[in-house]
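Residue-level structure breakdown
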Amino acid sequence: MATAPAASFAAQVVRGRWFMAYGSFLIMSAAGATYIFGIYSKDIKWTLGYTQEQLNTVGFFKDVGANIGIHAGLVAEVTPPWVVLAVGAAMNLGGYLMLYLSVAGKVRPAPPLWLVCLYIAVGANSQAFGNTGALVTCVKNFPESRGVMLGLLKGFVGLSGAIFTQLYLAFYGPGGGGDTKPLILLVGWLPAAVSVVFLGAIRIIRAPPRPPAVARREYRAFCAFLYVSLALAAFLLVAIVLQKRFRFTRVEYGVCAAVVFAMLLLPLGIVLREEAALFKHNNIRNAPAAAQADDAPVTTTTKPQESSPKPLSPTKTVGARLVAALRPPARGEDYTIVQALVSVDMLLLFTATVFGVGGTLTAIDNMGQIGESLGYPQRSVATFVSLISIWNYLGRVTAGFASEALLARYRVPRPLLVAGVLLLTVPGHLLIAFGVPGSLYAASVLVGFCFGAAYPMILAIISELFGLKYYSTLYNVGNVASPVGSYILNVRVAGRMYDREAARQGAVAAAGNNNKGGLTCVGTRCYRESFLVVAAVTLGAAAVTLLLAWRTRAFYAGDIYARFKEGTATSANGGVAGETAGVEPKKQQAPEVHDGRRGDDPKGSD
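In this report, the structure presented in the accompanying data block is examined. Owing to the predicted nature of the structure, the values given are computational and were not obtained by experimental measurement. (Residues numbered from 1 in each chain as written. Predicted model: local features only at pLDDT ≥ 70, side-chain atom pairs only at ≥ 80, totals over all residues. Heavy atoms only, no water.)

A word on the overall build of the protein
Assigned secondary structure in the protein consists of 23 helices and zero strands. Counting across all 606 residues of the protein, residues that qualify as buried make up 51%. Approximately 27300 Å² of the protein is accessible, and the part contributed by carbon and sulfur atoms is 65%. (Helix = DSSP H or I, 4+ residues; strand = E, 2+ residues; numbered from the N terminus. Buried < 20%, exposed > 50% of the residue type's maximum accessible area, 1.4 Å probe, protein only. Areas by Shrake-Rupley, 256 points an atom, 1.4 Å probe, with all protein chains shown as cover.)

Take a look at the structure:
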């Protein structure tokens, strides 16, 4: 007798939105292969006999693969999420497995440089497929909590590098040993395995409009996920500090990895709790709902004749279609990809991301060189990297939850918050520029936090302004802006100015070497001019974001999530009806039929 309810509950859990969200968290936790390249890059250099310039070339293709994901978004537009995840898993396994075989000497003769670059680019590009398949699906399944969801998911990505490090130290010790080639193999199979396990769970699950009580319970569940992730981040930080100060044994590394694994399982309890509440609620309503279904008259969604579009005359068809394709809808409605790309809002957001987030990436990528030029010991430089990682995570989850709360309670536009975060980044850049003794610790905290905080809010803004129908592609358009900014500010500005100052100091090694190949620069002048430039363009990016906030102030003044709430109406201007949205609940609750192809919520009436 008890077997049927138990089986029914298990089926509900596996098919539910909360288990889907949990699977997405684990996929993001395993998506940090690109963040630990510095750990195994030395083995690539030594075993394949590369120069530093050749190794940097491999690293560049790693970054390109990790950040270029528009094709993943286009695949997601025409296929279900499991196909996107399966493609990503295959690319991850194939790319990193071939890289491991090359580094381990299993491939004879050794592959040429271009082929190694191809291997790591393919493996790193799987991260774009994982993000698109899991993260975009979560945003569509929890549209009213997209800021919170993006903060949590991006937060787990921020922790993934530290998680991988703990697993590697436990699996391939003792003491983390000098051979990092097995880490490449771990990076190859583990993310692919996690994606395959959750292929059936990651799917579009349309939820009906929710009453306020259900929305509040949903928010409390996300807070529980947040507490677990905060505990995991705190443990990782303590473990990193202790492991750098003391020499751990293989068993002690194994204990740390076991604790990490157990904390990754804790959110499953939250999933079971939420699904148990839904199961109980559905059972209570099941009998009355069934009786009402038997007695209810059959209804159709056939609309009056005037609802059908009038045919266009042959002479006007082409012109009308061109105008319709280029004319953007109201903010919050579903833009086409072309409409979003040519819109002023996207231009402003892309520009702010290039120069705002690109500046933080410049600081992060050069933190080792900055510490070396300012005379910090190597242990301190490693501490800077750890601080950036942890505060990157804290920035992501803080921005996700805080921006969502401020938007819901006070209608604070999310672009205004992004502008504030970019302004907060400027003191961090100035601390690097002037090299105040001991200030690099504070700069690491500011830069890491602000980089983490800006990213989920920018991705949430894209979904809010341009809709969710083509979010798979538009999300990846936003991702492209960061490497563009990093190339402009890091390679063309910081790199050239570093080389110029090193040449002035007489430390030129060989013509054409990059800033890591043979040029050594010492002192505050190495990065002063470049980070003054970075600080200036970051101020410009903040100004651009303020302009976007001013343009969208009317949109954010209303309830941008009205269409996802029970008993609210959708207006024509951006899908927001404000406080009077519920004046005609009977009319708004008329039956609707959705095509079921995609998981997007229906648009409001025109």
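Quick look at the state of the cysteines
Applying the stated rule across the entire model yields one disulfide. A sulfur-sulfur distance of 2.0 Å marks the disulfide that ties Cys521 to Cys526. Taking the sign of the S-S torsion, -100° for the link of Cys521 and Cys526, the bridge is left-handed. On the basis of relative accessibility, which here comes to 3%, the residue Cys521 falls in the buried class. (Disulfide = S-S within 2.5 Å.)

As for the pattern of salt bridges
On inspection of all chains with the given rule, the structure shows 10 salt bridges. The residue Glu464 makes a salt bridge to Arg414 at a minimum N-O spacing of 2.3 Å. Of this pair, Glu464 sits in helix α19 (residues 439-466) while Arg414 sits in helix α18 (residues 414-434); the two residues are 50 residues apart in sequence, bridging distant segments of the chain. Per residue, the accessibility class of Glu464 equals that of Arg414, and both read buried. A cluster of three or more residues bridged by salt bridges with shared partners is formed by Arg217, Arg273 and Glu274. (Salt bridge = Lys/Arg side-chain N within 4 Å of Asp/Glu carboxyl O.)

Describing unusual backbone geometry
What you tend to see is this: most non-glycine residues have negative phi, and most peptide bonds are trans. Cis geometry marks the peptide bond from Arg108 to Pro109; its omega dihedral reads -10°. With a phi angle near 55°, Arg411 is a residue other than glycine that sits in the positive phi range. Among the secondary structure elements, Arg411 is positioned in the loop between α17 (378-410) and α18. Judged by relative accessible area, Arg411 falls into the partly exposed class, the value being 24%.

A short note on the packing of helix α10 (residues 212-245) against helix α11 (residues 250-265)
For the pair α10 and α11, interaxial distance at closest approach is 10 Å and the crossing angle is 170°. With respect to each other, α10 and α11 are oriented roughly antiparallel. The segment α10 lies against α11, with Val228, Ala231, Leu232, Phe235, Leu236 and Gln243 engaging Tyr253, Cys256, Val259, Val260, Met263 and Leu264. A class-by-class count of the residues in the contact of α10 with α11 yields 11 nonpolar, one polar and no charged. (Axes fitted to C-alpha atoms, helices over the stretch in contact; angles between N-to-C directions. Parallel < 35°, antiparallel > 145°, perpendicular 65-115°, else oblique. Contact = heavy atoms within 4.5 Å. Nonpolar A, V, L, I, M, F, W, Y, C, P; charged D, E, K, R; others polar.)

Digging into the side chain of Asn141
Summarising the element assignment, Asn141 is placed in helix α7 (residues 113-141). On the basis of relative accessibility, which here comes to 1%, the residue Asn141 falls in the buried class. Ignoring sequence-local partners within four residues, the contact set of Asn141 consists of Arg17, Met20, Arg203, Ile204 and Ile205.

Regarding the environment of Ala162
Checked against the element boundaries, Ala162 lands in helix α8 (residues 146-171). Taking the C-alpha atoms as reference points, Ala162 and Ala233, 71 residues apart in sequence, are found 8.9 Å from one another.

Regarding the packing of aromatic side chains
Evaluated as defined, the whole model comprises 20 aromatic pairs. Relative to Phe449, the ring of Trp391 lies with its centre 6.2 Å away and its plane at 65°, an arrangement referred to as edge-to-face. With Trp391 in helix α17 and Phe449 in helix α19, this pair connects stretches of sequence that are 58 residues apart. Measuring from centroid to centroid gives 5.1 Å for Phe555 and Tyr556, while their planes differ by 75°, and the two rings are edge-to-face. Judged by relative accessible area, which is 7%, Phe555 ranks as buried. Judged by relative accessible area, which is 0%, Tyr556 ranks as buried. (Phe/Tyr/Trp six-rings, centres within 6.5 Å; stacked < 30°, edge-to-face > 60°.)

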